Amino acid sequence: MRDIEVKEITRAVKEAVMEANYRLGEDMLRAFAEALKAEESPSCQEVFRQLLENARIAREELIPICQDCGLAVIFAEVGQEVHLVGGDFQAAIQEGVRQGYQEGYLRKSMCDPFTRANTGDNTPAVIYTTIVPGETLKLMVVPKGGGSENMSRVHMLRPAAGLAGIKEKIVETVREAGANCCPPTIIGVGIGGTFDQAALLAKKALLREVGSKHPDPELAALEEEILGLINNLGIGAAGLGGRFTSLAVHINLMPCHIASLPVAVNIQCHASRHQEVVL
Amino acid sequence: MSRLIKLNTPLSDNDVEALEIGDTVLVSGVIYTARDAAHKRLVDLMHAGQELPLEVAGQVIFYVGPTPGRPGRVIGAAGPTTAYRMDPYAPELLARGLKAMIGKGKRGPEVIAAMVKHKAVYLGATGGAGALISKSIKSAQIVAYEDLGPEAIRRLVVEDLPTIVINDCRGRDLYEEGLRRYAR
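Please read these numbers as outputs of a predicted model, since none were measured by experiment. (Residues numbered from 1 in each chain as written. Chains lettered and ligands numbered in written order. Predicted model: local features only at pLDDT ≥ 70, side-chain atom pairs only at ≥ 80, totals over all residues.)

1. Quick notes on the interface of chain A and chain B
Next, step 1: Each partner contributes to the interface: chain A provides 40 residues, whereas chain B provides 41 residues.
Next, step 2: If one sorts the elements of the side of chain A that touches chain B by residue count, helix α3 (residues 42-61) of chain A sits on top with 8 residues.
Next, step 3: Considering only residue class, the side of chain A that touches chain B consists of 19 nonpolar, 16 polar and 5 charged. (Contact = placed C-beta atoms within 7 Å. Helix = DSSP H or I, 4+ residues; strand = E, 2+ residues; numbered from the N terminus. Nonpolar A, V, L, I, M, F, W, Y, C, P; charged D, E, K, R; others polar.)

2. Comments concerning the confidence of the model for chain B
Caution is warranted with low-pLDDT regions, since their predicted coordinates should not be read in detail.
Next, step 1: In this model, chain B carries an average pLDDT of 96, and 99% of its residues clear a pLDDT of 70 or more.
Next, step 2: In the predicted complex, the global pTM is 0.95; the interface-specific ipTM is 0.94. (pLDDT = per-residue confidence, 0-100.)

3. Let's talk about the environment of Tyr 89 of chain B
Residue and element names in this part refer to chain B.
Next, step 1: Relative to the elements of secondary structure, Tyr 89 occurs in the loop between β3 (60-62) and α3 (90-95).
Next, step 2: The buried category is assigned to Tyr 89, around which 20 C-beta atoms lie within 10 Å.
Next, step 3: Along the backbone, Tyr 89 and His 39 are 50 residues apart, and their C-alpha atoms lie at a distance of 6.4 Å.
Next, step 4: The residues contacting Tyr 89, other than those within four sequence positions of it, are His 39, Lys 40 and Val 43. (Buried ≥ 20, exposed ≤ 12 C-beta atoms within 10 Å, placed from the backbone.)

4. Points about the sheet that holds strand β2 (residues 71-79) of chain A
All names here are of chain A.
Next, step 1: Within the open sheet, the 4 strands sit side by side as β4-β2-β5-β10. Their pairing is mixed. Each edge of the open sheet carries a strand with a single partner, namely β4 (126-132) and β10 (275-278). On average, adjacent strands in this sheet sit at an angle of 15 degrees to one another, irrespective of strand direction.
Next, step 2: Alignment of β2 against strand β5 (residues 137-144), held across 8 bridges, turns out to be antiparallel. Looking across to β5, one finds that Ile 74 is bridged to Val 141.
Next, step 3: Packing against the sheet, helix α1 (residues 6-22) makes contact with β2, β5 and β10, and its axis sits at approximately 40 degrees to β5. (Pairing = 2+ DSSP bridges. Axes fitted to C-alpha atoms, helices over the stretch in contact; angles between N-to-C directions.)

5. Comments concerning the packing of helix α2 (residues 26-38) of chain A against α3 of chain A
Residues and elements named next belong to chain A.
Next, step 1: Running from N to C, α2 and α3 point in directions that differ by 155 degrees, and their axes come no closer than 9 Å. Here α2 is positioned roughly antiparallel relative to α3, judged by the angle of their axes. The two elements α2 and α3 cross, and the hand of that crossing is left-handed. Counting all contacts with α2, which are made through Leu 29, Phe 32, Ala 33, Ala 35 and Leu 36, the residues of α3 involved are Gln 45, Phe 48, Arg 49, Leu 51, Leu 52 and Ala 55.
Next, step 2: Along the lines of polarity and charge, the residues of the contact of α2 with α3 split into 9 nonpolar, 1 polar and 1 charged. (Parallel < 35°, antiparallel > 145°, perpendicular 65-115°, else oblique. Left-handed = near helix turned anticlockwise from the far one by under 90°.)

Right under this line is the structure:
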């Protein structure tokens, strides 16, 4: 058994939400630079130049990459040999979000669904906890923007739709999202499970490094194929018309009920922010 | 080929008529911020026949909810939010003389028709470029609805805020045009 003080969790979450909002990952910066080189559309080239410059300003001056600093999604993997002490685990995460958004000059975007009154501190965060072997605690902090989340969909297909139907629904979701979801995007796809599990698989797929290949060669090929179909739409960066509507398609797969074929498409804008901390 | 046009606010019908989709427009002068909640309040006031906290005629509204500025800074990140959420309110503001909206994402047919009817444009700023756009903002002050926090109406003084004409006052749509040109 290893003791971890929950105040350590608060501190880690606080720092991670700030860091994620100021510092875009190297994988995204590489993808922007590569797309800039290959893009034919002058308007979209300018968008990629702006995104690279935006990321530099954010990193150097500690200004958030995007004014939508996101709903804080936290994936916690708790080692089964860990003993959490000194307080409530969930409350410690919420406190980290509260402090990070306040002290980091981040926008508070959470509100009451009916009155639309802002909660004032960007809580509550959405927290997913899993128990895993080991004696460490891993936190993945993901500030998720509203614009791209709004254009995400879960499709409960008939099994007869098959692979062709799956591809069609993914491409259709991206087509309908158009410029609204801040392309160039990362497309997280969850196939299988239940209605809710498919969506969670899709969200977790967004965390994979951009430019990495799926370990399963068949799925890797499928990801490439769907990315090609999406980029043939011509939506382009910022929707101005161009070659790079999405930078990557990431698929997570699991078995489903014999009656079902759930396909979730979670769209991630180019402000693809996540920060991992291991305690 | 796209042109580079510098515009100073407030805007006249002539300013708007000169703009074509795809033109890069650098906006300077006073503009106002408003998102969903502020739009609802403005339109509710109009329906009640009451005065608005800002003069709409000739003005530009930027759909943005900025992050708080650090001490000594004018504002934080300030990129555009998705415009379709303001579509239910925009036609009434356009009828009042609003000349331009800055946002991102596609507008509905009723808004495009209102832009043609009342001579107005929709300018796209790069979504997610909040840190970069903040550099064009020289001052910011809340003029209404402070209780809305990031959604309060702010009066901004901007210098060369980078935008591109998405919808001109002739009903054309750069997003549609872009798809036609680049779809395979």
